[in-house]
Structure formats: structure tokens, C-alpha cells
Amino acid sequence: MEQAAAAASACTLCAPHLPLGPRPIHQLHAKARIVITSQAPGTKAHLSGIPFEDASGERLRDWLGLDRDRFYDPTQVAILPMGMCYPGHLPRGGDAPPRPECAPTWHPRILPLFARPRLRLLVGAHAIRFVLGRGMPFAERIRRYAETLPDHFPLPHPSWRTLVWAKRNPWFDAEVIPALRQEVARALAPTG
Ligand code: SF4
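Thresholds, definitions, all that
Residues numbered from 1 in each chain as written. Predicted model: local features only at pLDDT ≥ 70, side-chain atom pairs only at ≥ 80, totals over all residues. Pairing = 2+ DSSP bridges. Helix = DSSP H or I, 4+ residues; strand = E, 2+ residues; numbered from the N terminus. Axes fitted to C-alpha atoms, helices over the stretch in contact; angles between N-to-C directions. Contact = placed C-beta atoms within 7 Å. Buried ≥ 20, exposed ≤ 12 C-beta atoms within 10 Å, placed from the backbone.

Enquirer: What am I meant to see in the sheet that holds strand β3 (residues 119–123) here?
Expert: Picture the strands of a sheet paired through backbone hydrogen bonds; they go either parallel or antiparallel. Spatial strand order, β2-β1-β3-β4: 4 strands in an open sheet with parallel pairing. Across the chains shown, the open sheet's two edge strands, defined by having one partner strand only, are β2 (77–79) and β4 (152–155). Taking each pair of neighbouring strands and ignoring which way they run, the sheet shows an average axis angle of 20°. In the sheet, β3 pairs with β4 via 4 bridges, with the strands oriented parallel. Looking at β4, one finds that L122 is bridged to P154. Helix-sheet contacts for helix α6 (residues 125–132) involve β1 (34–37), β3 and β4, and the interaxial angle to β3 is about 125°.

Below, the structure is given as C-alpha cells:
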């Protein structure tokens, strides 16, 4: 895993498409029990090199029931996004989608190197579509999270837009978040 992580850190595969240049951001350790597949870093993460160190990260940690220490402990939580580098902005605002080269190049190489992964969180529509396919509308996929357990837990991206979405879909806070915390606790529980 160390070699693969170093190779990923040195990746320049889609450099011509990256407005701020390559800076792959990930958190990888073979012992991680939870693997978070999120979208792509924003400008803040690009500058700091630290994933989810923003309001979205605070929201995600709250959803998971994890404090910063556990979230940033690579032996517990891995972060392998759909795109490891900041992909730039869309012409009408908002971040561009993750670069399409990234996940097909790196996920097959890195995922088999986790020794005992117990749960993979698919955070956002790009990760959900890539791993689970397009067979279901987004909200339905989230609501029917139990169908992809114990391996995968589909989630919306924890951006402020999701707060609006969650207000329209109150089952998310009432049912999905408690189940998510339970699955995270299960995944991180010590083995006997
Ligand atoms: S986005 Fe992924 S494929 Fe592209 S340069 Fe960064 S690490 Fe490499």
C-alpha cells in the first residue's frame, strides 16, 4: 500500500486538464476498516493537502459519528476519492466533476491492498454511479441503503446543498443517519 500511495501521489496522468496542476489527495493505509470514496478535492483541500477540512468535512464527521482524531487516523479511515486532484470549476459555477481517468486507473490498483475493509462509503452521485451503477434514482438509492450493506453505504455529498435536500427528504436524518452511525461503529469495532 505504501508503494501504491506514493505512486498515486506522484500521478500526473490528467495534468493538462487540471487548472491548478496535479496534487493528488488521499488517505491510505492497508489496515483501514472504512474506505470513503468521495468526489474530488476542492480548492481548500488542494492548498492544504488535507481532505475534508471544511464545513463539508464537519458535516460528514457528524453524520459518521466520528471525531477528527478517528476520521484522520488512516488505520481506521481511508479516503480514496473518485478524483484525487482538484478538477476546476464548471463555467456556470460549482466544482467540475472528478476527472474520469482517476478512479478507473487507481481504484483497481489500490482497493485490493486493504487487508480487511469492512465498509465502503460512497459519497456523492459520482461514486454511487461508478460502483453501484445507474439503475436507481439518486434519492431512492440513498433511502434503500440497506440493500447494499454490509459492503457499501451510499450517501449524498455533505455540501450545504444537501441540507436543503435533507429538509425535503426527512427520512435521511431520521433513518439513514442513525443506521450509518451504527454501520460505522460496527466497522470500527475491535475484532475478537
Ligand atoms: S486526478 Fe487522478 S488521474 Fe488525474 S493526475 Fe490526479 S491522481 Fe492522476
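We are not done yet, so read on.
Enquirer: Help me out: how do you make sense of the pairing of β3 in this one?
Expert: Looking along a regular strand, one sees side chains alternate from face to face of the sheet. By the criterion of burial, β3 is predominantly enclosed, with 5 of the 5 residues buried. Both faces of β3 are covered, namely the face carrying L119, L121 and V123 and the face carrying R120 and L122. Bridge analysis of β1 against β3 gives 4 bridges, and the strand direction is parallel. Bridged to V35 within β3 is R120.

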